[in-house]
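# An overview of the molecular structure
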Amino acid sequence: MPSKKTDAPRESQMAGTQTPDKANTNAKLQSLETFRADATGEALRTNHGVKIADNQNSLKAGPRGPSLLEDFIMREKITHFDHERIPERIVHARGTGAHGYFQSYGDHAALTKAGFLRDPEKITPVFVRFSTVQGPRGSGDTVRDVRGFAVKFYTDEGNFDLVGNNMPVFFIQDAIKFPDFVHAVKPEPHNEIPTGGSAHDTFWDFVSLVPESAHMVIWAMSDRAIPRSLRMMEGFGVHTFRLINAEGVASFVKFHWKPSQGVHSVLWDEAQKLAGKDADYHRRDLSEAIETGNYPEWELGVQIVPEEDEHKFDFDLLDPTKIIPEELVPVTPLGKMVLNRNPDNFFAEVEQVAFCPGHIVPGIDFTNDPLLQGRLFSYTDTQISRLGGPNFHEIPINRPVAPNHNGQRDAMHRMTIDKGRAAYEPNSIDGGWPQETPPAAQDGGFESYQERIDANKIRQRSESFGDHFSQARLFFQSMSANEQQHIIKAYSFELGKVEREHIRVREVNEILANIDLQLAAAVAANLGLPAPKKGTVQVKGSSLAKSPALSQMNLPGSVGIKGRKIALLVADGVDGGDVDRLVKALEAQSARPLLLGPSSAPVKTADGKALAVDASMEGMPSVMVDAIVVPAGKASLQALGANGVAKHYLLEGYKHLKAIAVAKDGKALLDTLGLKEDKGLLVGDDQKVVDAFIKAIEGHRVWEREAAAEAIPA
Ligand code: HDD
């Protein structure tokens, strides 16, 4: 049961996986294989191939003499080391990634001619990078922030990058405002504080002056900004795109990723503690899930709007601060993505991967969303300075599976050795190759959608982008009572950190009051400000009163407790049989039971056997697990009752609304802690308790407990 790390080669880690071995043999992985370096059995050499005899000592004039400049081995090693870092991403610097595959559910011919959506047999390799936005590379995983959700599809027709977020809207409507927004949210320039958060003056100054940000900011103040796991997030393409079929018929679409794991978050107190106790919480969770065969899955879907319906909504489809409520246009599933392979080398794969919303394939096209239009320029530009030149597409992780011959030549780090003399087109010297391919129903050259444009060149925001509050209101009003409270607390916390009174006042009076007066009043009360009596603008309101699809409470997922980490607190004298019973019951549900003891040393069971533990309770604190069990055993229960770490474990788990099951004899322990049984705090030794415990974990948290848990010290 303890899942000890093995150094077994990758092949055996992958053994026993079902469809993925198809993906293993696919072209992308094979092409990456060419670049993977395995040093097993190899001699240590310089970069130029010379075998090294002594890697411990630099060349010196005598054992106590000065080092010699001629030591080419040391100079090569140190020079390389001196240049090991590349600039981090300007935004989304902190992230992690994984390989996997995408498979279409069928032939979506009516919608698109893109080959990877036309053939249900086709396995398209993907690489996904998840990220936070604000913090630098070394920042914590669980900060309150938007999460990047960028997917590179290595299709036979070229790379398609769907560079989205875990929220369906954005802070601004026009790309020209992106540097302003990013400068405002990034750490303040005089002291570089805060790292990885938005609770500071410049962020709230900007967003309180820019009402178009109101909708995205309320998402960022919601539980979506503190996900339980990268595996438990929805993903969104944000902009409206076009899909185009073989007949040239276009449909507007919004892309959605729906996780089988459900959409779940941690609590704010937990998120803050995790940032210290396990700053790598999300990257660890993803890589462990893949390593243990709990491959995360998402369904890719689209909301489809026929071209002729473009103007049927009370918002503009080109405005990236708007969603299309799923109750108006449901999401049509297209296929599924499975992540089944961890990177071998973080730098080579996760750090060097380069996404660009402009990487599309025939059958997909852009719209005139002014945020998207700006992004089409920005990403390639940033790669040139970050990855050192225009040949970043030759880095293995960025290489398409499709061939990519053209007349582009030279530049820094060119790796391809182009044969032939004609680096131009047309040519008659190299037989005219490579040649253009005319557009066609299948396998044709890329053709842009022929949208008619007849307009004045103008710097102007469309009037149809003018309603900034109706959907922010719809979002707030669609939340459960618990979620609404979390939002109120998040605004109160963040604005509480804002030093300038006039910024707090403006956010409450000119933004929150236009979203919802109760929200504004609650936040105002927490800041000691008067409650605004009315908003500052006329808000027309959404055509829907509520959109249930927006509440996480309605997105439980379909995998039950698979992959959930469950702590079993044990000490000397624990009932070994009870531990076995509980472990078996949890493993039967594909959960991950973990034995935690007072230290990392094995504990002794009541019948004298040594029982290995996975970690100490301090080594894996309660914030790192989903649920807690205290197995039977009188001496063990007594020892835990006298152990401050164990008591804190239970109190904290209770405070964070986690399911807790305690053996019958542990009732006294709960009484000492002042914890009362509820739907998720269960006492007993029978199967009924185990069943109720599993059900409570399926619900992610015991929401009914939230008010009672307020009284528990943080
Ligand atoms: Fe961006 C990175 C998502 C607007 C400019 N962006 C980046 C990443 C994601 C997004 C997921 C990380 C990719 C990775 O993992 O390497 N960005 C978005 C979304 C946006 C958005 C969903 C709005 C809908 N971004 C946006 C605008 C601009 C940029 C308007 C500039 C005009 N984004 C960048 C960038 C980054 C980036 C500076 C930093 C590193 C990189 O591109 O490769 O170019």
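Structure: above.
Below is a summary of the structure that appears in this document. It should be emphasised that the depicted structure is a prediction, and the values quoted were computed from it without experimental measurement.

## Some details on the packing of aromatic side chains
What the rule picks out here adds up to 25 aromatic pairs. Both rings, one in Phe 170 and one in Phe 171, keep their centres 5.7 Å apart while their planes meet at 75°; by these two values the pair is edge-to-face. Overall, the relative accessible area of 13% leaves Phe 170 in the buried class. Between Phe 171 and Phe 203 the ring centres are 6.3 Å apart and the planes differ by 90°, which places this aromatic pair in the edge-to-face class. With Phe 171 in the loop between strand 4 (158-165) and helix 5 (178-185) and Phe 203 in helix 6 (residues 201-209), this pair connects stretches of sequence that are 32 residues apart. Both residues of the pair, Phe 171 and Phe 203, belong to the buried class. An aromatic cluster is built from Phe 102, Phe 116, Phe 130, Phe 149, Phe 153, Phe 160, Phe 241, Phe 255, Trp 257 and Trp 298, whose rings are joined through pairwise contacts. Above the face of the Trp 268 ring, Arg 144 is positioned so that its terminal group lies 4.9 Å from the ring centre. In this arrangement the basic side chain of Lys 152 is found over the ring face of Phe 355, its NZ or CZ atom lying 5.2 Å from the centre.

## Things to note about empty space enclosed by the protein
This model, assessed by the stated rule, comprises 12 cavities of 30 Å³ or more. Of the pockets and cavities examined, the largest cavity occupies roughly 140 Å³. If you go around the largest cavity, you meet 19 residues; those closest to its centre are Pro 168, Phe 236, His 256, Gln 303 and Ile 323. No other element matches the three residues that strand 7 (residues 250-259) contributes to the lining of the largest cavity. Each residue belonging to the lining of the largest cavity can be placed in one class, and the counts come to 10 nonpolar, four polar and five charged.

## Considering the site of the ligand
The environment of the ligand is made up of 21 residues, and the closest members are Arg 89, Arg 129, Arg 375, Tyr 379 and Gln 383. The separation between an oxygen atom of the ligand and a polar side-chain atom of Ser 378 is 3.2 Å. In this structure, a nitrogen atom belonging to the ligand sits 2.7 Å away from a side-chain N or O atom of Tyr 379. Mapped onto the shell around the ligand, the elements with two or more residues apiece are strand 3 (147-155), strand 4 and helix 11 (370-386). By residue number, the principal contributor to the shell around the ligand is helix 11, which donates six residues.

## Remarks on the nonpolar core
Residues Phe 171, Trp 204, Ile 218, Tyr 491, Ile 515, Leu 519 and Val 523 are the most contacted members of the largest nonpolar core, which totals 56 residues. Going through the elements one at a time, helix 5, helix 6, helix 7 (214-220), helix 12 (470-478), helix 13 (481-496), helix 14 (501-515) and helix 15 (517-527) are the ones with two or more residues in this core. Lining this core are residues from two domains, each supplying at least three of them: domain 2 (59-198 + 225-398) and domain 3 (469-554). Look past the residues within four positions of Phe 171 in its chain and what remains in contact with it is Val 146, Phe 181, Phe 203, Glu 212, Ser 213, Met 216 and Val 217.

Conventions used here
Here the residue numbers are simple positions, counted from 1 along each chain's written sequence. Local features in this predicted model are restricted to residues of pLDDT 70 or higher, and side-chain atom pairs are both shown and tallied only at a pLDDT of 80 or more, whereas totals for entire chains, interfaces and linings draw on every residue. With hydrogens and water set aside, each side-chain value is computed from the structure's full complement of heavy atoms. Any pair of Phe, Tyr and Trp rings, taking the six-membered ring for Trp, is counted once the centres come within 6.5 Å. Such a pair is stacked with planes under 30 degrees apart, edge-to-face with planes over 60 apart, and tilted for the rest. The buried label applies to any residue whose accessible area, calculated with a 1.4 Å probe on protein chains only, is under 20% of its type's maximum; exposed applies above 50%, and partly exposed to all values in between. The helix and strand labels rest on DSSP assignments: H or I over at least four residues marks a helix, E over at least two residues marks a strand, and numbering proceeds from the N terminus. For a lysine, the NZ atom is tested; for an arginine, the CZ atom; a charge sits over a ring if that atom is within 6 Å of the ring centre and within 35 degrees of the ring normal. The distinction between a cavity and a pocket rests on a 1 Å grid over the protein atoms alone: a 1.4 Å probe fits inside a cavity but cannot get out, while a pocket stays open yet meets protein on both sides within 12 Å along at least five of seven lines, and a residue with an atom within 4 Å of a point counts as lining. Grid points are joined across faces, edges and corners, and a volume is the space filled by probe spheres set on the points. Under the grouping applied here, Gly and all other residues not named as nonpolar or charged are polar, the nonpolar ones being Ala, Val, Leu, Ile, Met, Phe, Trp, Tyr, Cys and Pro and the charged ones Asp, Glu, Lys and Arg. Being near a molecule or strand, for a residue, means having at least one of its heavy atoms within 4 Å of it. Pairs of N or O atoms are called polar contacts if they sit within 3.5 Å, as long as, within protein, a hydrogen donor faces a hydrogen acceptor (for residues adjacent in sequence, only side-chain-to-side-chain pairs). Here the nonpolar core consists of buried residues drawn from Ala, Val, Leu, Ile, Met, Phe, Trp, Tyr and Cys, with membership extended through side-chain atoms lying within 4.5 Å. Here the limits of each domain have been adopted from an automatic or database domain assignment. The contact criterion used is simple: two residues touch if any of their non-hydrogen atoms lie within 4.5 Å.

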